[in-house]
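What follows is each chain in one-letter form.
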Amino acid sequence: MHEMGIAMQIVEIAIASIPGDLENARIDRVNLKVGKLAAVVPESLHFCFQIAVQDTPLHHADLHIEEIPVVARCADCHVQWTVREPVFKCGQCSSGSVEIISGRELDIISIEVVDEDTTDAD
Amino acid sequence: MPIDMYKTQRYYHHKDFRKHSHFHAGKGVATEGKKRGAREIKIVRKVLDVNDAIAQQNRDMFAEKDVFVVNVMSSPGSGKTAILEKTLSHIMQDVRSAVIVGDICTSNDADRLAVSGAPVVQVNTDAFGGDCHLAAHVIKTAVDNFNLDEIDLLIIENLGNLVCPAEFDMGENLRVVVLSVTEGEDKPLKYPLMFRVCHAALLNKIDLLPHLDYDRNAAVQNIHKVNPQMPIFEISAKTEEGFDSWIEWLMQKIHG
Ligand SMILES: Nc1nc2c(ncn2[C@@H]2O[C@H](COP(=O)(O)OP(=O)(O)OP(=O)(O)O)[C@@H](O)[C@H]2O)c(=O)[nH]1
Ligand SMILES: [Mg+2]
Ligand SMILES: [Zn+2]
């Protein structure tokens, strides 16, 4: 529901990450990690991304989303497991003291940049 | 005093990059260039790190001023405003309280809460941008309306939404989720992140139970599946049933 704001934040971070030595850079791809527990719907983020990139150096860019499973760890017996249903109770010792190890990611991993000047000159 | 800053905040970068739009021409060349010249640049950065950084500034400011901050979240209409009206009437004598209330476009909630005598700031977010939560920078600005030296407790009524607010830290000390007995018992399973990030759940409108087929045990079990250690207070903002233990717990958190 807030995917538009997220998409614009992604565009902003990507633009800020273009190296200074690339004068006329175009970003072809943005690689993102999104945890299954993050409050983001990938389809809707793709849709918003298409709008957010207009009139920016990302206007040709693809958004690649790697979905990260939810992994939990028992704080008492330290067993670790992949959470497939929203149940956060230790299957081994029944402890309710469970930490989320991964699954909340909403991270930009990398961008793929092309220097327009170089490609045009070829 | 409405604060409306979202729209400008969201769209400012667009105009800066208009000059690049002519690159649409020559698609064939561009595709070929992609393979030849593409260079991967590692970033590894949280998309919401700007929000997180401002939230931390807020947290430091609240700690310095000794203000305890509570973020109240729920679906639309679960009773956040009603609960806060009653809560304020219980605690205003002992705790100097203030409220920030997020609302898409009305000021009804702010008017209701102001009756308590607490200073209230209403933040209007922009429904067009899909804004469905309050964020750290909104709180930072809204707080300028208060004298924090005269406040012990700041309550934030978030927008009615169980998804997005869970993702946005504002620098609060305590998060509370409200669930009413007129909603499905399976809400916690459908919105697990919200029930993971909150410190307590208020099960509201229990005065209506005699008229409903609501399975209260199922609701409690589902909350505890997602967050086994979560305290649950069963209350009615209408009759004030259950308020004693909720207020007692809240006061303990504030003074603890
Ligand atoms: N019977 C009963 N009605 C309640 C109770 N709490 C709230 N209501 C009613 O439920 C409706 C919504 O309550 P609000 O306090 O406005 O809910 P809210 O969560 O602040 O709503 P939004 O801010 O719009 O998301 C109102 O008509 C309230 O009078 C309760 O405990 N019992
Ligand atoms: Mg309200
Ligand atoms: Zn265990």
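Preceding block: the structure.
Keep in mind that this is a model prediction, so the values were computed, not measured. (Residues numbered from 1 in each chain as written. Chains lettered and ligands numbered in written order. Predicted model: local features only at pLDDT ≥ 70, side-chain atom pairs only at ≥ 80, totals over all residues. Heavy atoms only, no water.)

Draft legend 1. A look at the coordination of the magnesium ion (ligand 2). Residues and elements named next belong to chain B. In this structure, Thr81 (OG1), Asp109 (OD) and Glu157 (OE) serve as the protein donors to the magnesium ion (ligand 2), at separations of 2.0 to 2.1 Å. Mapping the donors of the magnesium ion (ligand 2) onto the primary sequence yields the spacing T-x27-D-x47-E. Residue Thr81 is found in helix H4 (residues 80-91), and its partner Glu157 is found in strand E5 (residues 153-160); the two are separated by 76 residues along the sequence. Overall, the relative accessible area of 5% leaves Thr81 in the buried class. (Donors = N, O, S within 2.8 Å, 3.2 Å for Na, K, Ca; no water. Helix = DSSP H or I, 4+ residues; strand = E, 2+ residues; numbered from the N terminus. Buried < 20%, exposed > 50% of the residue type's maximum accessible area, 1.4 Å probe, protein only.)

Draft legend 2. Molecular detail of the coordination of the zinc ion (ligand 3). Listed as protein donors to the zinc ion (ligand 3) are Cys74 of chain A (SG), Cys77 of chain A (SG), Cys90 of chain A (SG) and Cys93 of chain A (SG); their distances from the metal cover 2.3 Å. Here the zinc ion (ligand 3) binds four donor atoms, and the angle range of 104 to 115° at the metal identifies the geometry as tetrahedral. (Tetrahedral: all angles 85-135°; square planar, octahedral: opposite > 155°, others 65-115°.)

Draft legend 3. Seen up close, the nonpolar core. Counting residues in hydrophobic clusters, the biggest one holds 37 residues, and the most contacted among them are Ile10, Ile27, Val30, Leu32, Leu45, Phe49 and Leu58 of chain A. Secondary-structure elements contributing two or more residues to this core are helix H1 (3-16), strand E1 (25-35), helix H2 (42-52), strand E2 (62-68) and strand E6 (106-115) of chain A together with strand E1 (39-46) of chain B. It is H1 of chain A that provides the largest number of residues to this core, a total of nine residues. In this structure Phe49 of chain A touches Ala7, Ile10, Val11, Val30, Leu58, Ala61, Asp62 and Leu63 of chain A, once residues within four positions along its chain are discounted. (Core = buried A, V, L, I, M, F, W, Y, C linked by side-chain atoms within 4.5 Å. Contact = heavy atoms within 4.5 Å.)

Draft legend 4. Here's a closer look at the site of ligand 1. Residue and element names in this part refer to chain B. In the neighbourhood of ligand 1, 19 residues make up the surrounding shell, with Lys80, Thr81, Ala82, Asp207 and Ala237 lying closest. At 2.9 Å, a side-chain N or O of Arg112 approaches an oxygen atom of ligand 1. With respect to ligand 1, the backbone of Ala237 contributes an N or O atom lying 2.8 Å from an oxygen atom. Summarising the interface, the protein chains cover 69% of the accessible area of ligand 1, which totals 650 Å² for the free molecule. Contributing elements (two or more residues each) for the shell around ligand 1: H4, helix H5 (108-114) and E5. The greatest single-element share of the shell around ligand 1, amounting to three residues, is contributed by H4. Across the shell around ligand 1, the residue classes tally to four nonpolar, eight polar and seven charged. (Near = heavy atom within 4 Å. Polar contact = N/O pair within 3.5 Å; in protein donor to acceptor, adjacent residues only side chain to side chain. Areas by Shrake-Rupley, 256 points an atom, 1.4 Å probe, with all protein chains shown as cover. Nonpolar A, V, L, I, M, F, W, Y, C, P; charged D, E, K, R; others polar.)

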